[in-house]
Amino acid sequence: MHVRSLLTMTAAAVVFAAAGPTGAQTTLNVVTAGDQNMVDYVNNYLGPKFEAQNPGVKVRAVGTGPGDAGSQKIYEKLSAQQKAGAATWDTDVAVVHQRGAATMVGDKLLLPYRNDIAAGKLVTRDTARNALGANVDGYVLPMFHSQIALAYNPDLVKNPPKSFAELTEWVKKNPKQFGYNGVKGGMSGVGFVMGWVEAKSGLADKLEKGPYSATDKAAIDKALAGLKDFNKDVTLTPGNAGTLDMLNRGEIAMGPVWVDMFYTWVADGKLNPKTKLLLPSPGLPGQPMYYVIPAKAANAALAKKFIDFAESPQVQADGIVKQFNWYPGIDPQHVQAKLTPAEWNKLFADVTPDELAKYGRPFPLSSYFTDIVEGYERVVLK
Amino acid sequence: MIAAARTGRWRAYALIAPALIVIAAFFVFPLALSAILAFRATGGGFTFDHFIKAWDLYRTDLIFTVGIVALSTLVIGVVAIAIAGYLTLGEQPRAVAILRWLYRWPLFIPFIVTGQVMRTFLAKNGMLNHALIGVGVIEPLQAQSLLDWRGIVIAFVWKQVPFVTLLVAGAMASLETQHIEAARNLGARRLRVLWDIVLPQVRGTLLVGLVLSFVTMLSVLSVPMMINPNSPTMITVDIAYRISTLSDYHVANALCLMSLVVAAGAAWLYLRHAAAAQASGG
């Protein structure tokens, strides 16, 4: 009896061991910077669809946190594996911000892949080649574009300011009704500060295209001195979500927000649906998130297949636009065909494609970016 | 004899070696690295530049941090003494039981949750102001946001009072009751008993609780981040910002060393008290 049960167990063990390789799963490790919605997007939407098409593949997404800090963590991990001389790295696909992508390309941490996949040809925007002045051509594909805009309550603001000059006037007349989150509480505040400096320094083009020159600090500081004055009449909010919260509770009437967050909050019933958006002249910054593949990704071929799938017009239409209210990463004309006019128009209800093209700007070059946020601490906060 | 004593000593060292190695590898070594980075120039030489920059940009925040944490510690002390005093000297058994059951709750709530709760509770149109307006204490137009230094102090006090109360109430419970009873028999009021009889005997425990709270609050990032990340704010927000937005570990480490100096001040108080207690045989 004993011997027999022992034999059965051994046989079972052998069967399991043999079954191992055939049932073995390849795990595709996706690491994403950004808010929780990025992880949700991969785990709940993209992952299951990709797994259904590719039996034996498991997609696992991990988030590293919002803002450039999230990309910085991914950079530090890859950089550590590079310095340790690891033969393969345990990240297959990473989703990073522009500053992160620029640093990673500079440090040779990424694999060029755009020309290897079909979807590479669907991408037309300048951001696929240039990240804040750094050449990232071939290494990145934009997952989506996001944009900062001013949200306002039309019941309280009948004639919203159309430009930074009008906004300055408006804030004087309506003290504490405009709110933003400074530079330490998230990117919507940082973006507003960038927009302010571009509008008030007259250096917009140079800040975005370069070449960098340290002597521009004087002009930047002068624009920031005006912001210090402006700040006397505004409310400072705790974070990107803090601005939306305060708008919703009626504590402020206007403030800069991420467009996708705005639509998601409205869809979730967390924000008064009457709230509207506008892009003031000469514009506010926006940015893409990039799909990148680490130079020594263990499953590089599968990673390419995954990104090709994620960039396909159908996924861009259903996932990026319909579910998450992001602007598409590939050329919108390929996506528009997959959406009904109503679905398409919802995304452009307040900010038209024309306005977006005119007033949706990139963030300044990295060196200028640093000068501006440091200048903000030196000039505005002290 | 001497040889035997020596082997005994080595055996003792061997026994504490694992603990010492853990402390050296995971506390002392990173601390030394952080100190080195704070003084290292980009080229590799020695420099004070990072401290000059840190002092230049974040002086206000450093003073603000010390002020906030000191004020919170003071308020925590007062509230903890009040609660622990009532638990020890209270005469309504039911009230004492309810208080005993209630006061510990915040102990089990993390700082970040506290921050999140306070963020909606203390906002201008938040629950606190709604309640105050509802019962007619303030007019709607008087409502103001408490999401500044006051919010941080409220969150800290709310979170740390139970910890200090737990320690102090424990110490009070272990006191000889004869002193208290004698004083009461001679006609002393409860407040006087608390002040003259009970407090002097638990002073040491109170100090330990407050010092530990001080150091804990000094290192909290989530609460200032959620309530008031704008200037002036606490030094932890600046450290996180230097690293995450500018990936500038040099200035961040300089700021860390500065807050270490503040924490060391509290540690010195703590050690002095511990030494005094040992000397007096307590």
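Residues numbered from 1 in each chain as written. Chains lettered and ligands numbered in written order. Predicted model: local features only at pLDDT ≥ 70, side-chain atom pairs only at ≥ 80, totals over all residues.

Along the backbone of chain A there are 16 helices and 13 strands. Counting the 382 residues in chain A, one finds 50% classified as buried. (Helix = DSSP H or I, 4+ residues; strand = E, 2+ residues; numbered from the N terminus. Buried ≥ 20, exposed ≤ 12 C-beta atoms within 10 Å, placed from the backbone.)

What follows is about the overall build of chain B. When helices and strands are counted, chain B shows eleven helices and zero strands. Mapped from its N terminus to its C terminus, chain B presents α and β elements in the order α-α-α-α-α-α-α-α-α-α-α. Relative to the 2.2 N^0.38 estimate, which gives 19 Å for 282 residues, the radius of gyration of chain B is 24 Å and therefore markedly larger than a compact globule would have. Considering chain B as a whole, with its 282 residues, one finds that 33% of them fall into the buried category. Counted over contacts in chain B with a minimum sequence separation of 6, partners at least 24 positions apart contribute 75%. (Rg over C-alpha atoms; globule rule 2.2 N^0.38 Å. Contact = placed C-beta atoms within 7 Å.)

To continue, consider the environment of A:Lys49. Along the polypeptide, A:Lys49 turns up in helix α2 (residues 36–53). Placed 266 residues apart in sequence, A:Lys49 and A:Val315 show a C-alpha to C-alpha distance of 9.6 Å.

It is worth spelling out unusual backbone geometry at this point. Most peptide bonds take the trans form, and the phi angle of most residues other than glycine is negative. All names here are of chain A. Put simply, Ser 281 and Pro 282 share a cis peptide bond, and its omega is 0°. In this fold, Pro 282 is placed in the loop between β10 (276–278) and β11 (284–292). Its identity as a non-glycine residue notwithstanding, Lys 108 has a phi of 60°, on the positive side. Its location among the elements puts Lys 108 in the loop between α4 (98–106) and β4 (130–131). Accessibility expressed as a C-beta count within 10 Å gives 9 for Lys 108, which makes it exposed. Here the phi dihedral of Lys 176 falls at roughly 70°; this positive angle occurs in a residue that is not glycine. As for its position among the elements, Lys 176 is in the loop between α5 (164–173) and β7 (179–180). Under the C-beta neighbour-count criterion, Lys 176 is labelled partly exposed, with 15 such atoms within 10 Å.

Here the focus is the environment of B:Thr165. Residues and elements named next belong to chain B. Inspection of the secondary structure puts Thr 165 in helix α6 (residues 149–173). Along the primary structure Thr 165 and Pro 106 are separated by 59 residues, whereas in three dimensions their C-alpha atoms are 12 Å apart. In contact with Thr 165, not counting residues within four places along its chain, are Ala 80, Ile 83, Ala 84 and Tyr 103.

With that out of the way, let us pick up the packing of helix α3 (residues 67–83) of chain A against α4(A). Residue and element names in this part refer to chain A. For the pair α3 and α4, the least separation of the axes is 8 Å and the interaxial angle reads 20°. Judged by the angle between their axes, α3 and α4 are roughly parallel. Judged by the twist between their axes, the crossing of α3 over α4 is right-handed. Contacts from Asp 68, Ser 71, Gln 72, Ile 74, Tyr 75 and Leu 78 of α3 reach α4 at Arg 99, Gly 100, Thr 103 and Met 104. Its residues assigned to classes, the contact of α3 with α4 shows four nonpolar, four polar and two charged. (Axes fitted to C-alpha atoms, helices over the stretch in contact; angles between N-to-C directions. Parallel < 35°, antiparallel > 145°, perpendicular 65-115°, else oblique. Left-handed = near helix turned anticlockwise from the far one by under 90°. Nonpolar A, V, L, I, M, F, W, Y, C, P; charged D, E, K, R; others polar.)

Here we take up the interface of chain A and chain B. Opposite the 18 residues of chain A that make contact, chain B presents 20 residues. Those elements giving two or more residues to the side of chain A that touches chain B turn out to be α3 and α16 (366–380) of chain A. Per-class residue counts for the side of chain A that touches chain B are five nonpolar, seven polar and six charged.

This part takes up the nonpolar core. In globular proteins that are soluble, nonpolar side chains generally tend to be buried together. Among the nonpolar cores identified, the biggest contains 112 residues, and A:Val96, A:Ala101, A:Val140, A:Tyr290, A:Tyr291 and A:Val292 are the most heavily contacted of them. Two domains each provide a minimum of three residues to this core, namely domain 1 (7–145 + 287–350) and domain 2 (146–286 + 359–380) of chain A. Other than its neighbours up to four places away in sequence, A:Val292 contacts A:Ala94, A:Val96, A:Ala101, A:Met104, A:Leu110, A:Tyr139 and A:Val140. Core analysis: the second largest hydrophobic core is formed by 58 residues, B:Val164, B:Val198, B:Val220 and B:Met226 among them. (Core = buried A, V, L, I, M, F, W, Y, C linked by C-beta atoms within 7 Å. Domains from an automatic or database assignment.)

With that out of the way, let us pick up the domain arrangement of chain B. All names here are of chain B. Under the domain assignment used here, chain B contains domain 1 (1–39) and domain 2 (49–111 + 148–279). Computed from C-alpha atoms alone, the centre-to-centre distance between domain 1 and domain 2 is 31 Å. Contacts between the two partners involve four residues from domain 1 and, on the opposite side, seven residues from domain 2. In terms of residue class, the side of domain 1 that touches domain 2 is built from three nonpolar, one polar and no charged.

Quick look at α6(B) now. If you check α6(B), its first and last C-alpha atoms are 35 Å apart, about what 25 residues at 1.5 Å a residue would give, namely 36 Å. The largest bend in α6(B) comes to about 35°, at B:Gln160, with the proline B:Pro162 one to four residues further on. (Expected span 1.5 Å × (residues − 1). Bend = angle between axes of the 7 residues up to and from the residue.)

Moving on, we come to the packing of helix α7 (residues 177–185) of chain B against helix α8 (residues 190–218) of chain B. Residues and elements named next belong to chain B. Between α7 and α8, the shortest axis-to-axis distance is 10 Å and the interhelical angle comes to 145°. Crossing geometry of α7 relative to α8 is assigned as right-handed. Across from His 179, Ile 180, Ala 183 and Arg 184 in α7, the residues of α8 making contact are Val 193, Ile 197 and Val 198. Looking at side-chain class alone, the contact of α7 with α8 contains five nonpolar, one polar and one charged residues.

Moving on, we come to the domain arrangement of chain A. Interface size is commonly expressed as the accessible surface area that is lost when the partners come together. Residue and element names in this part refer to chain A. The domain boundaries assigned to chain A delineate domain 1 (7–145 + 287–350) and domain 2 (146–286 + 359–380). Each of domain 1 and domain 2 was reduced to a C-alpha centroid, and the two centroids are 30 Å apart. With 16 residues of domain 1 in contact, the opposing surface of domain 2 contributes 18 residues. Counting only elements with at least two residues in the side of domain 1 that touches domain 2, the list comes to α4 and β6 (141–152). With three residues, the single largest contributor to the side of domain 1 that touches domain 2 is α4. In terms of residue class, the side of domain 1 that touches domain 2 is built from six nonpolar, eight polar and two charged.

To continue, consider the environment of A:Leu302. Residue and element names in this part refer to chain A. Structurally, Leu 302 can be placed in helix α11 (residues 300–310). For Leu 302, a count of 19 C-beta atoms within 10 Å gives the class partly exposed. Spatially, the C-alpha atoms of Leu 302 and Lys 184 are 38 Å apart, while their sequence positions differ by 118 residues. Sequence-distant contacts of Leu 302, that is, excluding residues within four places in its chain, are made with Thr 26, Leu 28, Val 57 and Asp 92.

All names here are of chain A. Where burial is concerned, most of strand β1 (residues 26–32) is hidden: five out of the seven residues are buried. Pairing of β1 with strand β2 (residues 57–63) involves seven bridges; the strand directions are parallel. By the bridge assignment, Asn 29 is partnered in β2 with Arg 60. Regarding the hand of the β-α-β motif, the stretch spanning β1, α2 and β2 is right-handed. Pairing of β1 with strand β3 (residues 93–96) involves three bridges; the strand directions are parallel. What sits directly across from Thr 32, in β3, is Val 95. (Pairing = 2+ DSSP bridges. Right-handed = clockwise from strand over helix to strand, strands pointing away.)

Here the focus is the confidence of the model for chain A. A low pLDDT score tells you not to read the predicted coordinates there in detail. With 94% of its residues at a pLDDT of at least 70, chain A reaches an overall mean of 88. Note on residues 14–22 of chain A: pLDDT under 50 across the span, and zero contacts to partners over four residues away in sequence or across chains. (pLDDT = per-residue confidence, 0-100.)

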